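# An overview of the molecular structure
Residues per chain are reported as follows:
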Amino acid sequence: MNQTVEIGRTGLAAFKIGFGAGVVGNSMMYPKMDDDLSRQLIQAALQKGINFIDTAFLYGLGHSEEIIGEAIREYGGREQLVISTKASPSPEFTPTGLQVDNSSAALRKAVDDSLTRLQTDYIDIFFLHFPDTRTPLSEAADTLAELKKSGKIKAVGASNLSYSQLQEFNAEGHLDVLQAEYSLLVRQPEEKVIPYCLKHGISLIPFFPLASGLLAVKYTKDDVFNDTSRMNNPLFHQEAFQANVERVERFKAFAQNKGADPAQIALAWLLTRPAVDLIIPGATRPEQIESNLQTLNIQLTEDDLKQLETIF
């Protein structure tokens with residue numbers, strides 16, 4: 001079975017399962033992640049035939065891109081790879097959240113800097129990582145479209161947009177690929193975002209496909225969280241968390257009946273969704289990459305999909 005897919009209207013083709021490199025070179029968010037392990041993860045992904053790698057400037061403030069650039073240079077075959085990265089120019093971590101600069105000058109510099117760190121002449125998909133409060137999204141989209149026309153990037157992407165922001169960004173039809181949170185536990189994109197993507201030929205790449213570990217059955221009702229990412233995540237707020245753990249317990253039984261790991265079922269479900277051409281699960285150990293790839297061996301029937309709907 002051919003497991004390579006075209007990514008929306010970009011003209012790019014990639015393996016259905018890519019590698020989300022959020023941990024690579026990102027010891028500021030993942031203290032146990034060092035450069036040696038980061039390199040092992042990239043090498044393992046490439047050796048397993050994964051040819052889509054997704055990173056971002058914010059992952060280690062450019063260090064993830066540097067490690068990936070080195071690995072690609074050593075591995076070779078750049079033309080067979082699809083590399084995506086995301087811009088967060090001049091990031092400031094303020095009490096009200098992350099502030100970035102998406103002005104034309106800042107985005108152009110961000111692309112040039114990413115090209116240098118990735119040691120490549122072009123970036124396949126370049127994403128606006130977060131909207132800012134000053135630059136109109138249509139203006140940012142125009143800048144990326146100009147960079148696409150110049151050949152520095154092959155496709156225009158955006159991430160972390162609300163539905164209204166998505167419409168604003170795509171006012172002139174520039175958007176090729178959208179990244180949005182989407183999983184069995186986070187279904188909001190199904191209401192407006194996915195229909196919009198289908199109508200406009202935009203490919204949707206989900207992030208947090210395992211709902212920050214919930215769908216990997218990592219937690220029990222007694223767990224308490226002190227990290228900011230989960231304390232600020234509605235899925236982990238007390239009443240919601242208790243309800244989600246109950247859903248996940250039923251999901252675990254479903255996966256056992258299928259003879260599969262729950263995380264693999266959650267990833268396989270995403271590959272059945274409209275507008276989703278590929279997925280980019282991450283990994284903190286090389287063997288997790290192999291486990292992610294086993295997702296492709298799972299066949300979800302119509303009855304399976306109906307059962308999942310009753311659980312979630």
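Before going into details, it helps to say that this report is about the structure given with it. (Residues numbered from 1 in each chain as written. Predicted model: local features only at pLDDT ≥ 70, side-chain atom pairs only at ≥ 80, totals over all residues. Heavy atoms only, no water.)

## Observations concerning a nonpolar patch on the surface
Nonpolar side chains collect at one region of the surface, where M28, M29, Y30, L61 and F93 lie side by side and expose about 540 Å² of accessible area between them. Accessibility expressed as a relative area gives 52% for M29, which makes it exposed. (Patch = residues over 30% accessible without salt bridge, like charges linked within 9 Å, V, L, I, M, F, W, Y side chains within 5 Å. Areas by Shrake-Rupley, 256 points an atom, 1.4 Å probe, with all protein chains shown as cover. Salt bridge = Lys/Arg side-chain N within 4 Å of Asp/Glu carboxyl O. Buried < 20%, exposed > 50% of the residue type's maximum accessible area, 1.4 Å probe, protein only.)

## Things to note about helix α11 (residues 302-311)
Here α11 has its buried residues at D304, L305, L308 and I311. Viewed end-on, α11 has its buried residues packed into an arc of 115 degrees, placing them on one side of the element. Across α11 from its buried face, at more than 90 degrees, point the exposed residues E302, K306 and T310. The inward-facing, buried residues of α11 abut α8 (238-258) and α9 (262-270). (Helix = DSSP H or I, 4+ residues; strand = E, 2+ residues; numbered from the N terminus. Arc of directions from axis to C-beta. Contact = heavy atoms within 4.5 Å.)

## Examining the packing of α8 against α11
Between α8 and α11, the shortest axis-to-axis distance is 9 Å and the interhelical angle comes to 160 degrees. One finds that α8 runs roughly antiparallel with respect to α11. Considering only the axes of α8 and α11, their crossing is right-handed. Mapping the contact onto sequence places R247, R250, F251, F254 and K258 in α8 and D304, Q307, L308 and I311 in α11. A per-class count over the contact of α8 with α11 returns four nonpolar, one polar and four charged. (Axes fitted to C-alpha atoms, helices over the stretch in contact; angles between N-to-C directions. Parallel < 35°, antiparallel > 145°, perpendicular 65-115°, else oblique. Left-handed = near helix turned anticlockwise from the far one by under 90°. Nonpolar A, V, L, I, M, F, W, Y, C, P; charged D, E, K, R; others polar.)

## As for the layout of surface pockets
Considering only enclosed or pocket space, the second largest pocket measures out at about 210 Å³ in volume. Looking at side-chain class alone, the lining of the second largest pocket contains six nonpolar, four polar and one charged residues. (1 Å grid on protein atoms, 1.4 Å probe; cavity = no way out; pocket = protein on both sides within 12 Å on 5 of 7 lines; lining within 4 Å. Points joined across faces, edges and corners; volume = space filled by probe spheres on them.)

## Considerations on the sheet that holds strand β11 (residues 203-207)
Pairing in this open sheet of seven strands is parallel, and the strands run β3-β4-β5-β8-β9-β10-β11 from one edge to the other. Of all strands in the sheet, those with a lone pairing partner are β3 (19-20) and β11, marking the two edges. Across the sheet, helix α4 (residues 137-150) touches β8 (123-128) and β9 (153-159), and the angle it forms with β9 is around 160 degrees. (Pairing = 2+ DSSP bridges.)

## Re the nonpolar core
One finds F19, F169 and L178 to be the most contacted residues of the largest nonpolar core, which totals 86 residues. In this structure, F169 is in contact with L128, L137, S138, A140, A141, L144, V156, G157, A158, L161 and L175, ignoring residues within four places of it in sequence. (Core = buried A, V, L, I, M, F, W, Y, C linked by side-chain atoms within 4.5 Å.)

## Considering empty space enclosed by the protein
What the rule picks out here adds up to one cavity of 30 Å³ or more. Its volume calculated, the largest cavity comes out at about 40 Å³. Around the largest cavity, the lining residues are L214, V217, K218, Y219, N244, V245, V248 and E249. Residues of the lining of the largest cavity, tallied by class, amount to five nonpolar, one polar and two charged.

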